[in-house]
Amino acid sequence: MLTNLHKKLILPFLVIALLAASCSSGASSQGGEVKLVLAAYTTPREAYRELIPIFQEQWKEKTGQTVVFEESYQASGAQSRAVLEGFEADIVALSLEADVIRLENAGLITHDWRSKPFGGMVSTSVVAFAVRQGNPKNIQDWAELAQPDLQILTPNPKTSGGAMWNILGLYGAAQRGYVEGYSADDAGAQEFLLAVLRNVTVMDKSARDSIVNYEKGIGDVAITYENEVLVGQQAGQTYELVLPTSTMQIDNPIAIVDTYVDKHGTREVADAFLDFLFSAEAQQVFAKYGLRSPDPAVAQATADQYPLIEDLFTIAHFSGWGEATPRYFGENGIFFQILGQVQGIQITE
Amino acid sequence: MNTLLAGNPETKTTGTPLPWGRWGLRSVAISYLLVMLVIPLLVILQDGMREGLAELWRQVTLPIAWHALKLTLWTSAVMVVINTIMGTLTAFVLVRYEFPGKTVLNAIIDLPLAIPTLVTGVMLVVLFGPQEAVGAWLKDQFDFSIIFAPSGIIMALLFITFPFVVRSVQPVLLELDRTQENAAATLGAGGWTIFWRIILPPLALPILTGALLSFARAIGEFGSIVIVAGNIPLVSQTAAVYVFGEVESENRLGASAVSIVMVGIAFILMMAANYLRKWSRSGSEKEVE
Amino acid sequence: MRTPASTKIVPVTKRLSELRGKWAGWVLITLVIAYVALLIMAPLAALTINAFEKGAGAVFSSLGQPLALQAFWNTIWIALIVVLTHSIFGTIVAWVLVRHRFPGRDLIDGLVDMPFAVSAVVAGYMLLLLFGRNGLLAPLVEATGIRVAFAFPGMILATLFVTLPFMIRELIPVLEAFDIRQEKAAATLGASGWQTFWRVTFPALRWGMIYGVTLTFARALGEFGAVLVIGGAAQGRMMTTTLFIYHALEERQYIGAYSAALALGLLSLILVIGSDWLRRRGHQ
């Protein structure tokens, strides 16, 4: 029989038990099943949706083990931050190198991830535009983005890797003299950036958020990844892709997070997954979903899908992310200065 | 009533409901609040002050941060004005008139409490987005997009805080003694005069409380605004969205600094609301006696 | 006082003002109904129409998808834990605030309201500062092995924070209005502290608790900002319904997003209106 004392203690125990039950320990590998946590940026979700089952089957055949994937897709910067703060991802597939370097600096990634095939880059894309069906505003290249009364969508570089690629693509193209009417130097590039930023109407958190808003009828042009446009078209969207003559090559890194694979005991599977993703088979799947392959053979095979860009430059043009991020997106970064100028506000001191 | 008893410690408690004694109960309550409330609030304060007060102020007065705070405050203020007027009117209509659909209307008042804020944002975009019914019409007629601008923020806030003024005024209005009104009517006072001079004054406190609650709720709003506002720094980015951006991009200090300001404002507002609540309660008790 | 002269005037002006009053009344009613229709009903209607764009079948099948069901399960689980916790500890806090006097009581009374005004993003951020990798309580996390940030416990804590005021605020007036002599009577008759509470006080708190539970539950169901910051975006175990809706929108699965939104809203609405109706019935 329950005494009074027992009755009094039941409630607190119940609460504690419930709370304890809801706390689960981290992922672990048991006999037949292993869990892999993938933290990615927003754009490649469709690609991974196809790739993961293929890998699961292959792994099962090879080792008899079932791999369960827990996927997370959010803006690259936000994702990188999450992993930094304790999101125990085994693999990170992010939009730009800087977001991986951040984890390296924090000691979460200790191996040389760049020694993997293609310098650790699992996919590439380019900065491009999405325009409405029929291209009513006749956007052919960067220069048209500066026209008055145009509404442009581009995400916010604070959270979105895609946004940073967009801005640098814009800036680089102008600097290299591919934007008519603007001098081929910093001054010209900044003038052009000012003109474009005047036209930006919505700044979303991520590249995916941005294109989805575009699909809702907002804006005339969206500056985005070529890959986003292609995936959207595959999903039935009627917008068109415009490739500028000069644009930025977007290299997407992938890496194993040493701290967590060791903690979860999933290094072997994770390594295998990465090897799979670098294989020709997986690269072709990436190509199916709008991503250009860093693998020259696959790139060759899909050449008709992906036109050559006349002037393709990389982050090297900006001396790497180490230089670029603070210069353009730091507290007094060029981007924010120009943004201030749009409102007539002085950002720098 | 109990105010008499409340003052006398002898009649305060009969025995404690749990076998842990009076201080046991008190310490449970206090530790619960400490863990749930005080420590989280303090940790932000500590992080914001990490590099000194001067640096904190600098972060708060950065143009983008400062603008975000201003935008938050003025959009909330505009919303409060509209909400106060419409909320009071709605309460008045619900209490004083009979009309078809009144019960339905009364139930609808609570709807915003049940809708997750994210959904509110989605609904507004679905209705007012440039491709949709009303939005497209607005765009064609006036070249005006009601969302993705501060007007969208105000609309979202109006939706979310709608119940507060209404539900604050309704019960007081219900209890209002109508003899004064009737007397005034007999003496020839018009409807408006009666409303302004006789009905409104006793409602002042509940209206103010409702307005305060609306304002407090509005300044921190995130879920709907992040969907519907456009979020362009220096144009349509509120403080909450700004903090989110800073948290997600390494500027911890900036996030903490602005958060501290927001928490400070929240503190002042809720203290004021609490004070008002106590004041109105003691006022009504005096009337009864 | 009526004089012979004004006996004729008063009825006339009274009739006129009555008519004016009626007319004014109808203007006001129309105004209010129009406002509510435009602000509240129209968006809701738009959502419903868009959700059912492809028919009811599509709505139900999207709700039945494993990811959606998992998200619902997570949301309800979190809400239940939060309601249970606040029911117990909220009652204790309300009790202490009403029945005890101690220095700082008024300050604490005011503090309890704060989560109402603190932004959800700030709430999530505070937890991140505490339980993130370099957080204040990071050593505790390491020692116990219980992950808080980007894990279920973090989402629970975040939801606990934002729902803190509701139960306490509903219980305090009820406790204050409660006639303490009933308790004294019970004590005189030999009831223990617990018995007195359970059998005499608690039943009187019933309505306060019901409304407190309802508001807490509804708020917990709809929490977004805080769980976004502390919970990240992982699917499966850590996705609440609100996060599911957000991600469905990102994946262009509009029917799925709108359906889940309607389901969530409907659930909360039933709770809120239901408890309102119960309360009104109880008072008859």
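Owing to the predicted nature of the structure, the values given are computational and were not obtained by experimental measurement. (Residues numbered from 1 in each chain as written. Chains lettered and ligands numbered in written order. Predicted model: local features only at pLDDT ≥ 70, side-chain atom pairs only at ≥ 80, totals over all residues.)

Student: Please give an account of the overall build of chain C that cites residues and values.
Tutor: The helix and strand inventory of chain C stands at 14 helices and zero strands. When the elements of chain C are put in sequence order from the N terminus, they spell out α-α-α-α-α-α-α-α-α-α-α-α-α-α. Here chain C holds 284 residues, and 52% of them are scored as buried. For chain C, the share of sequence-separated contacts (at least 6 apart) that also reach a separation of at least 24 residues comes to 75%. (Helix = DSSP H or I, 4+ residues; strand = E, 2+ residues; numbered from the N terminus. Buried ≥ 20, exposed ≤ 12 C-beta atoms within 10 Å, placed from the backbone. Contact = placed C-beta atoms within 7 Å.)

Student: Outline the overall build of chain A, listing residues and values.
Tutor: A tally of regular secondary structure across chain A gives 14 helices and 10 strands. Out of the 349 residues in chain A, the part that is buried amounts to 52%.

Student: Kindly report on the domain arrangement of chain A, identifying the contributing residues and their values.
Tutor: One frequently used descriptor of interface size is the decrease in accessible area upon assembly of the parts. All names here are of chain A. Along its sequence, chain A is carved into domain 1 (33–123 + 252–301) and domain 2 (124–250 + 306–342). For domain 1 versus domain 2, the separation of C-alpha centres amounts to 26 Å. Taken residue by residue, the interface counts 24 residues in domain 1 and 23 residues in domain 2. Mapped onto the side of domain 1 that touches domain 2, the elements with two or more residues apiece are α3 (76–85), α4 (97–105) and β4 (121–131). Examining the composition of the side of domain 1 that touches domain 2, we find that four residues originate from one element, α4, more than from any other. (Domains from an automatic or database assignment.)

Student: Account for the pairing of strand β7 (residues 221–225) of chain A, with residues named and values stated.
Tutor: Across a regular strand the side chains alternate sides, sitting on one face of the sheet and then on the other. Residues and elements named next belong to chain A. With five of five residues buried, β7 lies mostly within the body of the structure. Bridge count for β4 against β7 is five bridges, and the pairing is antiparallel. From the neighbouring strand, Ala130 faces β7, where its bridge partner is Ala222. Pairing geometry for strand β5 (residues 152–153) and β7, over two bridges, is parallel. Paired with Leu153 across the strands is Ala222, a residue of β7. (Pairing = 2+ DSSP bridges.)

Student: Give me the lowdown on the packing of helix α4 (residues 63–96) of chain B against helix α11 (residues 191–219) of chain B, citing residues and values where you can.
Tutor: Between two packed helices, what matters for the description is the angle formed by their axes and the separation of those axes. Residue and element names in this part refer to chain B. Where α4 meets α11, the closest approach of the two axes is 9 Å, and the angle between their N-to-C directions is 145 degrees. Seen along the crossing, α4 lies across α11 with a hand that is right-handed. Contacts between α4 and α11 involve Thr72, Ser76, Met79, Val80, Asn83, Thr84, Gly87 and Thr88 from the first element and Leu203, Ile207, Gly210, Ala211, Ser214, Phe215, Ala218 and Ile219 from the second. Across the contact of α4 with α11, the residue classes break down as eight nonpolar, eight polar and no charged. (Axes fitted to C-alpha atoms, helices over the stretch in contact; angles between N-to-C directions. Left-handed = near helix turned anticlockwise from the far one by under 90°. Nonpolar A, V, L, I, M, F, W, Y, C, P; charged D, E, K, R; others polar.)

Student: How would you sum up the interface of chain C and chain B? Please name residues and give values.
Tutor: Tallying the contact residues gives 80 residues for chain C and 78 residues for chain B. Considering each element in turn, the side of chain C that touches chain B owes the most residues, 21 residues, to helix α1 (residues 4–51) of chain C. For the side of chain C that touches chain B, the residue count by class is 56 nonpolar, 15 polar and nine charged.

Student: Any chance you could break down the domain arrangement of chain C for me, citing the residues and the numbers?
Tutor: Residues and elements named next belong to chain C. Parsing chain C into structural domains produces domain 1 (4–52) and domain 2 (57–282). Inter-centroid distance (C-alpha atoms) of domain 1 to domain 2 is 38 Å. A per-class count over the side of domain 1 that touches domain 2 returns three nonpolar, two polar and no charged.

Student: So, the confidence of the model for chain A: which residues are in play, and what are the values?
Tutor: It should be kept in mind that the predicted coordinates are not to be read in detail where pLDDT is low. All names here are of chain A. For chain A, mean pLDDT is 86; residues scoring 70 or higher make up 90% of the total. The spread of mean pLDDT over the elements of chain A runs between helix α1 (residues 4–22), the lowest at 53, and strand β3 (residues 91–93), the highest at 96. Note that residues 22–30 has pLDDT below 50 and, in this model, 23 contacts with residues that lie over four places away or in other chains. (pLDDT = per-residue confidence, 0-100.)

Student: Please provide a residue-by-residue account of unusual backbone geometry, values included.
Tutor: All names here are of chain A. Even without being glycine, Asp149 reaches a positive phi, approximately 65 degrees. Examined against the element boundaries, Asp149 turns out to sit in the loop between β4 and β5. Unlike most non-glycine residues, Ser319 shows phi in positive territory, near 65 degrees. Counting through the fold element by element, Ser319 comes out in the loop between β10 (311–313) and α13 (320–329).

Student: Tell me about the nonpolar core, and please be specific about residues and values.
Tutor: With 286 residues, the main nonpolar core has Ile91, Val92 and Val257 of chain A together with Ala216 and Val243 of chain B as its most contacted residues. Of all the elements, helix α3 (residues 66–99) of chain C adds the most residues to this core, at 15 residues. Not counting chain neighbours up to four residues away, the residues in contact with Ala216 of chain B comprise Ala266, Leu269, Met270 and Ala273 of chain B together with Phe116 and Ala117 of chain C. (Core = buried A, V, L, I, M, F, W, Y, C linked by C-beta atoms within 7 Å.)

Student: So, the pairing of strand β2 (residues 66–73) of chain A: which residues are in play, and what are the values?
Tutor: Residue and element names in this part refer to chain A. Two strands pair when backbone bridges link them, and strand β1 (residues 33–40) and β2 are joined in this way by eight bridges, in the parallel orientation. Within the sheet, the bridge partner assigned to Ala40 lies in β2 and is Tyr73. For the handedness criterion, the β-α-β arrangement of β1, helix α2 (residues 45–63) and β2 is classed as right-handed. (Right-handed = clockwise from strand over helix to strand, strands pointing away.)

Student: Which residues make up the environment of Asp220 of chain A, and what values go with them?
Tutor: All names here are of chain A. Along the chain, Asp220 turns up in the loop between α7 (207–215) and β7. Assessed through the 22 C-beta atoms surrounding it within 10 Å, Asp220 is described here as buried. Measuring from C-alpha to C-alpha, the distance between Asp220 and Thr201 comes to 9.9 Å, with 19 residues separating the pair along the chain. In this view, Asp220 contacts Arg132, Lys137, Leu150 and Gln151; residues no more than four positions away in its chain are not counted.

Student: So what about helix α5 (residues 161–175) of chain A? Which residues, and what values?
Tutor: Residue and element names in this part refer to chain A. For α5, which comprises 15 residues, the first-to-last C-alpha distance of 21 Å matches the rise-based estimate of 21 Å (1.5 Å per residue) to within 8%. For α5, a buried count of 15 out of 15 residues is recorded, marking the element as mostly surrounded by other parts of the structure. Gly177 lies just past α5 and shows a positive phi near 85 degrees. (Expected span 1.5 Å × (residues − 1).)

Student: Could you give an account of α3 of chain C, with specific residues and numbers?
Tutor: The terminal C-alpha atoms of α3 of chain C, which comprises 34 residues, lie 48 Å apart, in line with the 50 Å expected from a rise of 1.5 Å per residue. Within α3 of chain C, the axis deviates most sharply at Ser87 of chain C, by approximately 25 degrees. (Bend = angle between axes of the 7 residues up to and from the residue.)

Student: Run through the environment of Leu73 of chain B, naming residues and quoting values.
Tutor: Within the secondary structure, Leu73 of chain B sits in helix α4. A C-alpha to C-alpha distance of 8.8 Å links Leu73 of chain B and Ala218 of chain B, two positions 145 residues apart in sequence.

Student: Please set out the confidence of the model for chain C residue by residue, giving values where relevant.
Tutor: In this model, chain C carries an average pLDDT of 84, and 89% of its residues clear a pLDDT of 70 or more. Across the whole predicted complex the pTM is 0.84, and at the interface the ipTM reaches 0.85.

Student: How would you summarise the environment of Gln284 of chain A if you had to cite specific residues and measurements?
Tutor: Residues and elements named next belong to chain A. Looking at the secondary structure, you find Gln284 in helix α11 (residues 280–288). A residue is classified by how many C-beta atoms lie within 10 Å of it, and Gln284, with 15 of them, is partly exposed. Gln284 sits 15 residues away from Ala299 along the chain, and the two C-alpha atoms are 8.8 Å apart.

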